[in-house]
Amino acid sequence: MPGFVLVGTQWGDEGKGKITDLLADKMDMVVRYNGGDNAGHTVMPGNKEFKFHLLPSGVLYPHVTAVIANGLVVNPKVLIGEIEGLEKAGISAEKLRVSCNAHLVMPYHLMLDGAYEMHLGKSKIGTTRKGIGPAYSDKAARIGIRVQDLLDMKIFRTKLGEALKIKNAIMSTIYNLDPLDLDEVVSEYSEYAKKLEKYITDTSLLIHDFLDKGKNVFLEGAQGTFLDIDHGTYPFVTSSSPISGGACTGAGVGPRHLEEVIGVVKAYVTRVGSGPFPTEQDNENGEAMRQVGKEIGTTTGRPRRCGWFDAVLMRYATRINGLTSIIITKLDVLSQFEKLKICTGYKYKEEIFQQFPPHQTIIHKCEPVYEELRGWQEDITGSEKYKDLPLAVREYVEKIQKIAKVPMAMISVGPKRDQTILCTDVALGKL
Ligand code: GDP
Ligand code: IMO
Ligand code: MG
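Rules behind the numbers
- Residues numbered from 1 in each chain as written.
- Chains lettered and ligands numbered in written order.
- Predicted model: local features only at pLDDT ≥ 70, side-chain atom pairs only at ≥ 80, totals over all residues.
- Heavy atoms only, no water.
- Donors = N, O, S within 2.8 Å, 3.2 Å for Na, K, Ca; no water.
- Helix = DSSP H or I, 4+ residues; strand = E, 2+ residues; numbered from the N terminus.
- Buried < 20%, exposed > 50% of the residue type's maximum accessible area, 1.4 Å probe, protein only.
- Near = heavy atom within 4 Å.
- Polar contact = N/O pair within 3.5 Å; in protein donor to acceptor, adjacent residues only side chain to side chain.
- Areas by Shrake-Rupley, 256 points an atom, 1.4 Å probe, with all protein chains shown as cover.
- Contact = heavy atoms within 4.5 Å.
- Nonpolar A, V, L, I, M, F, W, Y, C, P; charged D, E, K, R; others polar.
- Phe/Tyr/Trp six-rings, centres within 6.5 Å; stacked < 30°, edge-to-face > 60°.
- Lys NZ or Arg CZ within 6 Å of the ring centre and 35° of its normal.
- Pairing = 2+ DSSP bridges.
- Core = buried A, V, L, I, M, F, W, Y, C linked by side-chain atoms within 4.5 Å.
- Salt bridge = Lys/Arg side-chain N within 4 Å of Asp/Glu carboxyl O.

A. View of the coordination of the magnesium ion (ligand 3). The magnesium ion (ligand 3) binds to the protein through D13 (OD) and G40 (O), with metal-donor distances spanning 2.0 to 2.2 Å. Taken together, the positions of D13 in the loop between β1 (3-8) and α1 (16-24) and G40 in the loop between β2 (29-32) and β3 (41-43) put the pair 27 residues apart, joining distant regions of the chain. In this structure G40 comes out as buried when scored by relative accessible area, which is 12%.

As structure tokens, this is what we get:
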């Protein structure tokens, strides 16, 4: 029963989309288990670029069943747009399945996401404004509307009517926003229902069916470990569980099905939005990473904050996710530097933290302790074999692997599928 989970080990945008697309070739099913269209996963098969927000990154292969599982919050308008985009590119979405238990992002979620951020002012989280936090809040408050409600517009109307009583009161009295009209929203969502109906099913049952038949199931995480609602840099996090544990609840599978937990590790670190980032380089080094790495948000177009690789984050990601292997991405972006730095610990009041500190103040105020490594300053984007890489590259990645304490399965040296080096230390033996 081979279930593979892929997680981001930092603050998202580690290159999960590229790796999922690459590995999906050997998969029967690819499942997104958390988040919503706050995610932006870039995939480059050949010279064409696809950016997925809700669709699993394995959707390009005709043999792959693509699943949007129960752990997501789904904006139906965005999903329909993505399906139509695929079809325009000549790719069928026929094998897509959407969980009946996933929650819907509603128009008031988008409006409230913006309103909360504006009211937080300087303390804002810097959300993607896709309504993610408000949609998950309603799920927890048990006033959410689910994908299955689209299958019975009478029920949908009743639930929406209840929700609008509360939402319209909040929006108009507190945030000075125009109230929403029940009929208009019902009519808009009825159109979505007609288009999505054929994809809606019990995806947990379907996933189990695949697992029971010994098929390969790949669970693709969105966001990253430090954006996790429970284990990330709260409150500067998203509202779902991107970590490997989230794959179980988000897809409806038990932990015994998860054979491999693959951590995607960017060779440096980026972050979009607010929140602490100890190794951030708000200087020419960060700018150079941003330029060469094209570090601009896939979903919002915001410039990503960039910084040196951080061993404290890596140790935590290994532990929290129970990683079994890592894949290092965007190594080519570091080729420009004469010297490289890796943060080995956080110094705070004479104490050095090698493990992620227990109090957020320390993360905000610590001084990163760096180890300097030599750079390689050679183009590695065409490298095909691990042993052909310059010695300094191998020293750098082996340093990361020692910190992660798990085998290194692959190294990515460019955005395309073929710009990937399989390591001798392959952990994904079964593939
Ligand atoms: P995700 O959210 O984790 O899927 O990552 P994004 O797609 O948001 O951001 C990663 C960006 O880096 C995308 O534009 C990818 O095409 C690109 N990318 C992925 N791997 C590599 C790599 O090894 N080298 C370079 N230069 N770009 C890469
Ligand atoms: P992928 O899957 C990077 C960040 C936002 C913000 C915080 C909360 O592409 O790695 P939200 O809209 O979720 O309420 O915003 O989380 N964020 C991401 N950052 N990559 C992502 O997804 C992200 N999804 C959310 O920038 O700081
Ligand atoms: Mg992204």
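Once the structure has been displayed, the description carries forward.
B. Up close: the site of ligand 2. Taken together, the neighbourhood of ligand 2 is formed by 20 residues, with K16, H41, T128, Q223 and T238 sitting nearest. In this structure, an oxygen atom belonging to ligand 2 sits 2.9 Å away from a side-chain N or O atom of N38. At 2.8 Å, a backbone N or O of Q223 approaches an oxygen atom of ligand 2. Across the complex, the protein chains shield 98% of the 550 Å² of accessible surface that ligand 2 would expose by itself.

C. View of helix α8 (residues 244-251). Most of α8 is tucked away: six of the eight residues are buried. Among the residues making up α8, those that are buried are S244, G246, A247, C248, G250 and A251. Packing partners of the buried residues in α8 comprise β1, β2, α7 (203-212), β10 (217-220), β11 (258-266) and α10 (311-321). Two residues or fewer after α8 comes G252, characterised by a positive phi angle close to 80°.

D. How the structure looks around the site of ligand 1. Neighbouring residues of ligand 1: 18 residues in total, closest K16, G17, T42, D332 and S412. A distance of 3.0 Å separates an oxygen atom of ligand 1 from a polar side-chain atom of T298. The contact in question runs from a nitrogen atom of ligand 1 to an N or O atom on the side chain of D332, over 2.7 Å. In isolation ligand 1 has 580 Å² of accessible area, and contact with the protein removes 93% of it. Among the secondary structure elements, those contributing two or more residues to the shell around ligand 1 are α1 and β3. The leading source of residues in the shell around ligand 1 is α1, at three residues. Counted by class, the shell around ligand 1 contains three nonpolar, eight polar and seven charged residues.

E. Layout of the packing of aromatic side chains. Enumeration over the complete set of coordinates arrives at eleven aromatic pairs. Taking the centre distance of 5.6 Å and the plane angle of 50° together, the rings of W11 and F226 count as tilted. You can see W11 sitting in the loop between β1 and α1 and its partner F226 sitting in the loop between β10 and α8, a full 215 residues away along the chain. In terms of burial, W11 and F226 fall into one category: buried. Relative to Y192, the ring of Y189 has its centre 5.0 Å away and its plane inclined at 75°; by these criteria the two rings are edge-to-face. One end of the pair is Y189 and the other is Y192, both in helix α6 (residues 182-196) and three residues apart, which spans about a single turn. On the basis of relative accessibility, which here comes to 11%, the residue Y192 falls in the buried class. Put simply, the rings of W11, F226, F277, Y316 and F356 touch in pairs and so form one group of aromatic residues. Here the basic side chain of K48 rests over the ring of F50, its NZ or CZ set 5.2 Å away from the ring centre.

F. Local environment of helix α9 (residues 284-292). Buried residues of α9: G286, A288, M289 and R290, and no others. If you check the start of α9, you find a side-chain oxygen 2.9 Å away from the backbone N of N285, and it comes from N283. A positive phi of about 50° marks K294, the residue just after α9.

G. Main features of the sheet that holds strand β15 (residues 325-329). Reading across the sheet, the ten strands line up as β9-β7-β5-β2-β10-β1-β11-β15-β19-β20 and stay open at both edges, with mixed pairing between neighbours. Each edge of the open sheet is held by one strand with a lone partner, namely β9 (200-201) and β20 (420-422).

H. Just the nonpolar core, in detail. Counting 56 residues, the largest nonpolar core has I326, L331, Y396 and I411 as the members making the most contacts within it. With seven residues, helix α12 (residues 391-404) is the largest single contributor of residues to this core. In this structure, I411 is in contact with I328, L331, Y386, L389, V397, Q419, T420, I421 and C423, ignoring residues within four places of it in sequence.

I. A look at the pairing of strand β19 (residues 408-412). Of all five residues in β19, five are buried, a share of seventy percent or more. Summarising the sheet, β15 and β19 pair through three bridges and their orientation is parallel. In the strand pairing of β19, I328 is matched with I411. As paired strands, β19 and β20 are joined by three bridges and run antiparallel to one another. For S412, the partnering residue across the bridge sits in β20 and is T420.

J. Representation of the pattern of salt bridges within the structure. Counted according to the given criterion, the structure contains 19 salt bridges. The salt bridge partner of K266 is E295, with a shortest N-O separation of 3.0 Å. Here the residue K266 occupies a position in strand β11, and E295 occupies one in the loop between α9 and β13 (305-307), the gap between them amounting to 29 residues. Residue class for E295 comes out buried when judged on its relative accessible area of 0%. By sharing partners, the salt bridges in this structure join D13, K266, E295, R304 and K330 into a single network.

K. Structural context of unusual backbone geometry. Residues Y234 and P235 are joined by a peptide bond in cis, for which omega reads 5°. Following the sequence through the fold, P235 ends up in the loop between β10 and α8. Even without being a glycine, Q377 presents a positive backbone phi close to 45°. Topologically, Q377 is positioned in the loop between β18 (367-374) and α12. Residue Q377 is classed as partly exposed on the basis of its relative accessible area of 48%. Phi angles above zero are rare outside glycine, and K405 is one such case at about 60°. Its place among the elements puts K405 in the loop between α12 and β19.

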